[in-house]
Amino acid sequence: MVVNGPQDGDLDWDGIAWRSVEDDVRRLRRRIFKASQEGDLKKVRNLQKLMLRSRSNTLASVRRVAQRNAGRKTAGIDGEVALTSPDRASVAVDIHRHTAPWLARPVKRVYIPKANGKQRPLGIPVLRDRVQQARVANALEPEWEARFEPRSYGFRPGRGCHDAIEAIYCTLKGHRSQRQWVLDADLSAAFDRINHDRLLAHLGTFPARELIAGWLAAGVVERARFTPTEEGTPQGGLCAAAHNPPYEQCWVMRSARRLPPVGAVVTAERCA
């Protein structure tokens, strides 16, 4: 199994050594993370370019989107899904050999019910955009993981609600705790109001910056009507979490209500 470069011939999807593929991607992510921690931006960019060219990254991304993801049966506006091994292999080969500028497709607007009875809008990208987003996320995520706040838990790999609950408990436990208030806050329509220019400016010289710009401006199709997107990012794509600033997902802190109250507890602090 080679890390980079296209291979001729048919790809046997079921014969791929997946442990080796995942190990290749994991090692490269760690190298990007370490270079970012050390502040070596040139090395970070070179490693990110390597990740974006990585055949293992392409294979792992197709597997994540078309085989493991719960939404693998949900198509975008083009109706394409890849539910069989030959279809997944074909998508992987096509994407890895693609050399022309990538044209992002509009997302399909769907709605899912929220706990309060309202509906949450989701944007479903086409299959191949989702795969590309997974490839880009593997290059971008480790750079920013090295920079994020230690008490940030939303949309973070290897972190979740229980980590936030533990952090709250460790802060509030004991009779001598000086933290007596917990504030529960939520950002209204946080995804819908993200400024594209500011987000892209934060990406700096990231090699796939133009790809992300294309996804941000791809637009939305709802009931056969196209709407351009001048701000915000649709919830539903794999890169949506990476687009959102690390102070979203304050709902995690609502779990703190199950902890022993210390003084007057309202609802929680910034988390994510």
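Reading guide: rules and limits
Residues numbered from 1 in each chain as written. Predicted model: local features only at pLDDT ≥ 70, side-chain atom pairs only at ≥ 80, totals over all residues. Heavy atoms only, no water. pLDDT = per-residue confidence, 0-100. Contact = heavy atoms within 4.5 Å. Buried < 20%, exposed > 50% of the residue type's maximum accessible area, 1.4 Å probe, protein only. Helix = DSSP H or I, 4+ residues; strand = E, 2+ residues; numbered from the N terminus. Expected span 1.5 Å × (residues − 1). 1 Å grid on protein atoms, 1.4 Å probe; cavity = no way out; pocket = protein on both sides within 12 Å on 5 of 7 lines; lining within 4 Å. Points joined across faces, edges and corners; volume = space filled by probe spheres on them. Phe/Tyr/Trp six-rings, centres within 6.5 Å; stacked < 30°, edge-to-face > 60°. Lys NZ or Arg CZ within 6 Å of the ring centre and 35° of its normal.

**Q** How should the confidence of the model for the chain be read in this particular structure?
**A** Interpreting fine coordinate detail is not advised for predicted regions of low pLDDT. In the predicted model, the chain carries a mean pLDDT of 83, and the fraction of residues at 70 or more is 83%. Scored below 50 in pLDDT, residues 245-272 shows 70 contacts in the model against residues more than four places distant or in partner chains.

**Q** In this structure, what is going on with unusual backbone geometry? I would like to understand it.
**A** In most cases, non-glycine residues show a negative phi, while peptide bonds are predominantly trans. Positive phi, normally seen in glycine, also occurs at R223, with a value near 55°. Using a relative accessible area of 81% as the deciding quantity, one classes R223 as exposed. Phi is positive for A224, close to 65°, though the residue is something other than glycine. In this structure, A224 sits in the loop between β3 (220-222) and β4 (225-227).

**Q** Is there a simple way to explain helix α4 (residues 85-97) in this structure?
**A** One turn of an α-helix holds 3.6 residues; hence residues three or four places apart share an orientation. Compared with an ideal rise of 1.5 Å per residue, which puts 13 residues at 18 Å, α4 spans 18 Å between its outermost C-alpha atoms and is within 8% of the ideal. Packing partners of the buried residues in α4 comprise α2 (41-53), α3 (55-68) and α5 (127-145).

**Q** Can you walk me through the layout of surface pockets in this structure?
**A** A probe matching the size of a water molecule, rolled over the atoms, marks out where space remains unfilled. By volume, the second largest pocket is sized at about 330 Å³. Mapped by element, the contributors of at least two residues to the lining of the second largest pocket are α2, α4 and α5. A per-element tally of the lining of the second largest pocket places α2 first, with three residues.

**Q** I keep staring at the packing of aromatic side chains and nothing clicks. Help me out?
**A** For any pair of aromatic rings, geometry is given as the distance between the ring centres together with the angle between the planes. Applying the stated criterion to the full structure yields two aromatic pairs. Here the aromatic rings of W13 and W18 are separated by 4.9 Å at their centres, their planes lie at 65°, and the arrangement is edge-to-face. The same class applies to W13 and to W18, which are both buried. Taking the centre distance of 6.4 Å and the plane angle of 40° together, the rings of W144 and F148 count as tilted. Sitting over the ring of W144, R147 keeps its end group 4.4 Å from the ring centre.

**Q** Looking at this structure, how should I read the environment of D129?
**A** Tracing the sequence through the fold places D129 in helix α5. Along the backbone, D129 and L211 are 82 residues apart, and their C-alpha atoms lie at a distance of 9.7 Å. Setting aside residues up to four positions removed in sequence, D129 forms contacts with W102, A104, R105 and W215.

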